Amino acid sequence: QVQLVESGGALVQPGGSLRLSCVVSGTTSSLYPMGWYRQAPGKQRELVASSYSSGWKHYEDLVKGRFTISRDNAKNTVYLQMNSLEPDDTAVYYCNAPKSPYGLGHQYSYWGQGTQVTVSS
C-alpha cells in the first residue's frame, strides 16, 4: 500500500523559508512523477511543482524562482524548498503520486494528509 507522509509545515514570516518533506512508502518513488499541490481556504487545490523520473521539473508561474522540488531516492523522499515566502503562499500543501491509471493531480491518485504552511507577520 502506497503512503505519502508530509511534514515541515509551520508559521513563518514573509520573506522566510521552509522545506517540506514527503516520505513515500509502499513503492519506489524514483520510478514515478511526483508533485506538490496546495489548497488555500476557499480555493481549489492547485499544482505547485512536479518532478519526473527523467529529471525534468515543472513549476507554476507563481512559485518560479522561489520554490525548488527535489528528490532523495535513497530516502524515497521528495522535498519542496520554499524561499521568499509570501502571505499568498499560505495553504495546506499536499504531496501527490500517480495511481494507475490516474495521473498526477487526479482525485483518485495518491495523496498525503497535507501540511499547513502559514505566512504571516
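Structure shown above.
Structural notes, computed from the coordinates. (Residues numbered from 1 in each chain as written. Predicted model: local features only at pLDDT ≥ 70, side-chain atom pairs only at ≥ 80, totals over all residues. Heavy atoms only, no water.)

As for the sheet that holds strand β3 (residues 18-25)
Argument step 1. The antiparallel open sheet is built from 4 strands, whose spatial order is β1-β3-β8-β7. Each end of this open sheet is capped by a strand with a single partner; those strands are β1 (3-7) and β7 (67-72). Direction aside, neighbouring strands of the sheet carry axes that sit 15 degrees apart on average. (Pairing = 2+ DSSP bridges. Helix = DSSP H or I, 4+ residues; strand = E, 2+ residues; numbered from the N terminus. Axes fitted to C-alpha atoms, helices over the stretch in contact; angles between N-to-C directions.)

Some points on the pattern of salt bridges
Argument step 1. A complete count under the given rule lists 5 salt bridges for this structure.
Argument step 2. Across the pair Asp-89 and Arg-38 runs a salt bridge, and its minimum N-O distance is 2.9 Å. Separated by 51 residues along the polypeptide, Asp-89 in the loop between β8 (77-82) and β9 (91-97) and Arg-38 in strand β4 (residues 34-39) bring together distant segments of the chain.
Argument step 3. Judged by its relative accessible area of 1%, Asp-89 falls in the buried class. (Salt bridge = Lys/Arg side-chain N within 4 Å of Asp/Glu carboxyl O. Buried < 20%, exposed > 50% of the residue type's maximum accessible area, 1.4 Å probe, protein only.)

Points about the packing of aromatic side chains
Argument step 1. Across all of its chains, the model carries 4 aromatic pairs by this definition.
Argument step 2. Ring geometry for Tyr-37 versus Trp-111: centroids 5.1 Å apart, planes at 70 degrees, classification edge-to-face. Of the two residues, Tyr-37 sits in strand β4 while Trp-111 sits in strand β10 (residues 110-111), which places them 74 residues apart along the sequence.
Argument step 3. What makes Tyr-37 buried here is its relative accessible area of 10%.
Argument step 4. For Trp-111, a relative accessible area of 22% puts it in the partly exposed group.
Argument step 5. Through pairs of rings, three or more aromatic residues link up here, namely Tyr-37, Tyr-94 and Trp-111.
Argument step 6. Over the face of the ring belonging to Tyr-79 we find Arg-19, whose NZ or CZ atom lies 4.1 Å from the ring centre. (Phe/Tyr/Trp six-rings, centres within 6.5 Å; stacked < 30°, edge-to-face > 60°. Lys NZ or Arg CZ within 6 Å of the ring centre and 35° of its normal.)

Details of the state of the cysteines
Argument step 1. Inspection of every chain in the model, using the stated rule, returns 1 disulfide.
Argument step 2. Note that Cys-22 is cross-linked by a disulfide to Cys-95, the S-S spacing being 2.1 Å. Residues Cys-22 and Cys-95 are joined through a disulfide that is left-handed, its torsion about the S-S bond being -80 degrees. You can see Cys-22 sitting in strand β3 and its partner Cys-95 sitting in strand β9, a full 73 residues away along the chain.
Argument step 3. A relative accessible area of 0% means that Cys-22 is categorised as buried. (Disulfide = S-S within 2.5 Å.)

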